[in-house]
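Descriptive structure summary
Chain residues, written in single-letter form:
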Amino acid sequence: MNTDFDVCIVGSGAGAGPVALTLAEAGYSVVVLEKGPWFTENEFYKDELASRRRNVYTPNLNDEQHVIEEPDGRGGWSSEPTSVSGWNFWRGSCVGGSSNFMSGFFFRLKPEDFYLLSTFGPIDGANLVDWPISYEDLEPYYTRVESVVGISGRVVPHPHLEPRSTRDFPFPPTLEHPFVEQFDTACRKLGWHPLPTPRAILSNSAMNRQSCGYSGWCGSYGCSTGAKGSSRAALLNPAFETGRCEIRPHAKVYNLVSNTQGKVIAAEYYDRAGKRQQVDAEIFVVACQAIETSRLLLCSTGPRHEKGLGNSTGQVGKNLIFSAGGTGGGDIIYKKLGRTMAESLKFQGLFLNRNVQDWYFIDNPVWGRRQKGGTIDFLMEHPGPIAKAIDLIWDDHGNLRWGSPLKQALKKHFTEMREFKCEIFCDWLPTDNCFVSLDTKVKDKWGTPVARVRVGYHPHDIKIGNYLAKKATYLMRTMGVRNVYSNISGSPPPNLAAGGCRFGNDPKNSVLDPDCRAHDVENLFVTDGSFMPTGGSIPYTWTIYANAFRVANKIVKQLGG
C-alpha cells in the first residue's frame, strides 16, 4: 500500500527524536506531528516573566487543561480542572517538547531497577512487575545517547555504579563551582561517596552545537546556545537535515484511525488554522508524554478497538507513575565563609553537579528486608529572582510579609546568602489509584475530552523519601548550612510522569510488548516514558532516549531493515 510516509510520529520530545533520527538515517521517510510551534535557539531567552509567569511555552489552560483527582482526606477523591486550580501539567508544547526545558541531570537505571519485584519482593497495594528486558539489553543504547545527544561527565567508581561498556563519558564534565570542594570533603568525612552528576549539556562545541554558556538558567528554560541535549537540538535538527524527515508544527493530533483489520491507517490532526488534516503511514509511533499518550489512545476508537487503541484488556492509562521524593535546602551565609569563597558564591553560572547514591539500596535492620532507596541530587539555587522573591512573601510561620520587612528579607537573601538545594528521587510505586482516563465533561478548545488524572500515591514512597531527606539535611547541617529544611510529599511533579502504557509479556497487565509495540495493533509503537512499569530513583529522560533508540531499531527491522 502506498502511504504518505513510512513512519508517522505523534509528538517530538525525548521519545520521538531518537526514532525520527534513526529512521531517517536508515533511509525511511518520516513525518513528525507536533502540537506546538517550532522554536530555534534565537527564540529562547532567560526571561522569567515569559517562562514562569506567563507560560509562553505551554498551552493556555483555558484552551487545554487536565482534570486532577486528589485524595480528599476522607477516603475519597476530589477533582478540579487545572483551569481553576492553575496547576499546570504541561511542560513544553513545542518541537522538542519538555526536553527543551529540562535541567539535563542524566542518570542510568541500575540492573536491579529492571527487576524490582523479583529483587525486593511485593509491596501490598503496589502493582509491581519486572521489566521484560534487562539492563544489558538497554546498555548499548545508554552509551549511544552519551555520544549522539551529548552527555558530559566523569565516571567515578562507587559501590552502586552500574556496568558500563565504555570507560568514561565522551565529553568532559562541565565547569564546576569552587564550593564543590567543600561538598566533597564533607561527604568523605562522613564516609559517603560524592559523585559528579552527568549532564546532557555539551562542555565543548560539537555536532554543530555550541558549548554551554554557563548562565545557570537550565531548568524550565530553553537553551540559547544549543548545548542542552534536547530532542530538538540533538536529534530532530539532524534528522531534518537528512531530507527524509518532515516536521509539522501546529499539528494537534486528535485521532488515530484504524481499519477493520485493527491496523492504524491515518492520523487526523488540526493544523494552525484549525482545519482538519490527515496523514497516512505504514507505521505510527506515539510519543506525546505519558498522560497525553494515554489520552490519545483512549480517544482513538475503531471497529476493532471499541475501548481505544491498545486497550483491549483495559490497561491503557493504568499504572501511571511520577518521580517520588521531594526537595530540601538551606542557606549558605557569606559571612561564615572565607572572602574568596563568599565572593565566588555571588556569581551565577558554574554548576555544583554533585549527587549521592549511597542509599540507592537500603540495608536497615529496622526495616527488615533490603529496600529500594534512591538518589539525592545537590544543586545551587536557580538564578531566576522572581520565583525566590515570591517565596519570601511568606515568613517562616506562614504569615504574609510586606512593606519594610519584605524589603529587608529581599535584601538579605540577595546580598548575604545563597540557597543550597537538594532534589530527592525515589520510586513512585504503581497503584490502582494513579491512572489516566477521559473526562466526561471537560473538553479542550477542539472539542476533545481532556485527560482526567488520578494522582494517588503509595505510603511507601513517602517513607523512602523521608529517609533520604534526613540524610541530605544531615549533610547540609554538617557543612554549616543554615535554615535547613526538607519537603517530602505525595504531590506529583508534572515534569516527571511515566507509565500508563507499560510494556510486558502478558497483555493482561500491559499495553505494549517488549518491543514497545501495542499487543493488539501490529503497526503502533509507543516510545515516550509511557512504557515504563517502574521508574527507578532517577529522572527518566536518559532512559526514554535510550529505549527510543532501541525501539527505533525494531521499527527499522519491521520495515525491512
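The shown structure was predicted, so the numbers you read here are calculated from the model rather than taken from an experiment.

Overview of the side chain of His 158
Tracing the backbone through its elements, the reader meets His 158 in the loop between helix H5 (135-150) and helix H6 (179-189). Ignoring sequence-local partners within four residues, the contact set of His 158 consists of Lys 110, His 193, Leu 195 and Gln 357.

Description of helix H11 (residues 403-416)
The periodicity of an α-helix, 3.6 residues per turn, causes residues three or four places apart in sequence to face the same way. The end-to-end C-alpha separation of H11 is 20 Å, in line with the 20 Å expected for 14 residues at 1.5 Å each. Here H11 has its buried residues at Leu 406, Ala 409 and His 413. One face of H11 carries all of its buried residues, which in axial projection span an arc of 60 degrees. Seen from the open side of H11, the exposed residues pointing more than 90 degrees away from its buried face are Lys 407 and Lys 411. Against helix H10 (385-391) and strand S16 (417-427) lie the buried residues of H11.

Notes on the nonpolar core
Nonpolar side chains in soluble globular proteins tend to be buried together. Formed by 145 residues in total, the largest nonpolar core has its most connected members in Leu 23, Leu 256, Phe 378, Phe 420, Leu 524 and Ile 555. Looking at which element gives the most residues to this core, the answer is helix H13 (residues 541-559), with eleven residues. For Leu 524, the contacting residues outside a window of four places in its chain are Leu 256, Val 264, Phe 284, Val 286, Leu 297, Leu 309, Cys 516, Arg 517 and Ala 518. Counting ten residues, the second largest nonpolar core, distinct from the first, contains Cys 212, Tyr 214, Cys 223 and Phe 351.

Quick notes on the sheet that holds strand S17 (residues 434-443)
Strands belonging to one sheet form pairs held by backbone hydrogen bonds; the direction of such a pair is parallel or antiparallel. Pairing within the open sheet is mixed, and its four strands lie in the order S4-S3-S18-S17. Two strands close off the open sheet at either side, each with one partner strand: strand S4 (77-81) and S17. Averaged over all neighbouring strand pairs, the angle between strand axes comes to 30 degrees, with direction disregarded. The sheet contacts of helix H8 (residues 290-299) involve S17 and strand S18 (449-455), and relative to S17 the element is tilted by about 60 degrees.

Observations regarding the packing of aromatic side chains
Summed over all chains, the structure comprises 30 aromatic pairs. Note on Phe 44 and Phe 101: the rings are 6.0 Å apart at their centroids and 85 degrees apart in plane angle, and the pair reads as edge-to-face. A residue pair is termed long-range when its members are at least 10 positions apart, and Phe 44 in the loop between strand S2 (30-33) and helix H2 (48-53) and Phe 101 in the loop between helix H3 (82-85) and helix H4 (116-120) qualify at 57 residues. Exposure remark for Phe 101: the relative accessible area of 9% places this residue in the buried category. Each residue in the set Phe 106, Phe 114, Trp 131, Tyr 135, Tyr 142, Phe 169, Phe 503, Phe 531, Trp 542 and Tyr 545 is aromatic and connected to the rest through ring pairs, giving one cluster. Between Lys 35 and the ring centre of Trp 90, over which it is positioned, the NZ or CZ distance is 3.8 Å. Just above the ring of Phe 351 sits the side chain of Arg 199; from NZ or CZ to the centre is 4.5 Å.

Describing the environment of Trp 87
Examined against the element boundaries, Trp 87 turns out to sit in the loop between H3 and H4. Trp 87 sits 14 residues away from Phe 101 along the chain, and the two C-alpha atoms are 18 Å apart. Not counting chain neighbours up to four residues away, the residues in contact with Trp 87 comprise Ile 68, Glu 70, Thr 82, Ser 491, Pro 492 and Pro 494.

Examining helix H12 (residues 459-478)
Taking 1.5 Å per residue, 20 residues should reach 28 Å; H12 reaches 29 Å between its end C-alpha atoms and fits that length. Here H12 has its buried residues at His 460, Asp 461, Ile 462, Ile 464, Gly 465, Tyr 467, Leu 468, Ala 469, Ala 472, Thr 473, Leu 475 and Met 476. Positive backbone phi, approximately 90 degrees, marks Gly 480, located one or two places after H12.

A look at the side chain of Thr 58
Within the secondary structure layout, Thr 58 lies in the loop between H2 and strand S3 (67-71). One polar contact links Thr 58 to Asn 88, side chain to side chain, over a distance of 3.4 Å. Setting aside residues no more than four positions away along its own chain, Thr 58 makes contact with Asn 88, Trp 90, Arg 91, Gly 92 and Ser 93.

Examining the pattern of salt bridges
Counted under the stated rule, the structure contains 22 salt bridges. Between Glu 64 and Lys 35 there is a salt bridge, and its shortest N-O distance comes to 2.8 Å. With Glu 64 in the loop between H2 and S3 and Lys 35 in the loop between S2 and H2, this residue pair connects regions lying 29 residues apart in the sequence. Comparing Glu 64 with Lys 35 shows no difference in burial state: the two are buried. Lys 372 is the salt-bridge partner of Asp 427, the closest N and O atoms lying 2.6 Å from each other. Residue Asp 427 is located in strand S16, and its partner Lys 372 is located in strand S14 (residues 371-372); the two are separated by 55 residues in the primary sequence. According to the relative accessible area criterion, Asp 427 is buried, its value standing at 9%. In this structure Lys 372 comes out as buried when scored by relative accessible area, which is 9%. In the salt-bridge network here, residues are joined through shared partners; they are Glu 69, Asp 439, Arg 452 and Arg 454.

What about the packing of helix H1 (residues 17-25) against H13?
Relative orientation of the contacting elements H1 and H13 amounts to 35 degrees, with a least axis distance of 8 Å. Seen along the crossing, H1 lies across H13 with a hand that is right-handed. Where H1 approaches H13, its residues Pro 18, Val 19, Thr 22 and Leu 23 are matched on the opposing element by Tyr 545, Ala 548, Phe 549, Ala 552, Asn 553, Ile 555, Val 556 and Leu 559. Looking at the contact of H1 with H13 residue by residue, the class counts come to ten nonpolar, two polar and no charged.

Things to note about a positive patch on the surface
Taken together, the side chains of Lys 335, Lys 336, Lys 412 and Arg 482 make up a positively charged region of the molecular surface. Within the element layout of this structure, Arg 482 appears in strand S19 (residues 482-489). Look at Arg 482 and you get partly exposed, because its relative accessible area is 39%.

Section: a nonpolar patch on the surface
There is a patch of nonpolar side chains on the surface, built from Trp 394, Leu 400 and Trp 402 and spanning about 430 Å² of accessible area. Within the element layout of this structure, Trp 402 appears in the loop between H10 and H11. Looking at Trp 402, the relative accessible area reads 64%, which means it is exposed.

Things to note about the sheet that holds strand S7 (residues 252-258)
One open sheet accounts for three strands, arranged S7-S8-S9; its pairing is antiparallel. Of all strands in the sheet, those bounded by a partner on one side alone are S7 and strand S9 (276-279). On average, each strand axis in the sheet is inclined to that of its neighbour by 25 degrees, with strand direction left out of account. Where strand S8 (residues 264-270) meets S9, four bridges bridge the pair, whose relative direction is antiparallel. If you follow Tyr 269 over to S9, its bridge partner there is Gln 277.

Calculation criteria
Residues numbered from 1 in each chain as written. Predicted model: local features only at pLDDT ≥ 70, side-chain atom pairs only at ≥ 80, totals over all residues. Heavy atoms only, no water. Helix = DSSP H or I, 4+ residues; strand = E, 2+ residues; numbered from the N terminus. Contact = heavy atoms within 4.5 Å. Expected span 1.5 Å × (residues − 1). Buried < 20%, exposed > 50% of the residue type's maximum accessible area, 1.4 Å probe, protein only. Arc of directions from axis to C-beta. Core = buried A, V, L, I, M, F, W, Y, C linked by side-chain atoms within 4.5 Å. Pairing = 2+ DSSP bridges. Axes fitted to C-alpha atoms, helices over the stretch in contact; angles between N-to-C directions. Phe/Tyr/Trp six-rings, centres within 6.5 Å; stacked < 30°, edge-to-face > 60°. Lys NZ or Arg CZ within 6 Å of the ring centre and 35° of its normal. Polar contact = N/O pair within 3.5 Å; in protein donor to acceptor, adjacent residues only side chain to side chain. Salt bridge = Lys/Arg side-chain N within 4 Å of Asp/Glu carboxyl O. Left-handed = near helix turned anticlockwise from the far one by under 90°. Nonpolar A, V, L, I, M, F, W, Y, C, P; charged D, E, K, R; others polar. Patch = residues over 30% accessible without salt bridge, like charges linked within 9 Å, V, L, I, M, F, W, Y side chains within 5 Å. Areas by Shrake-Rupley, 256 points an atom, 1.4 Å probe, with all protein chains shown as cover. Lys, Arg positive; Asp, Glu negative; His and termini not counted. Charge placed at Lys NZ, Arg CZ, Asp CG, Glu CD.

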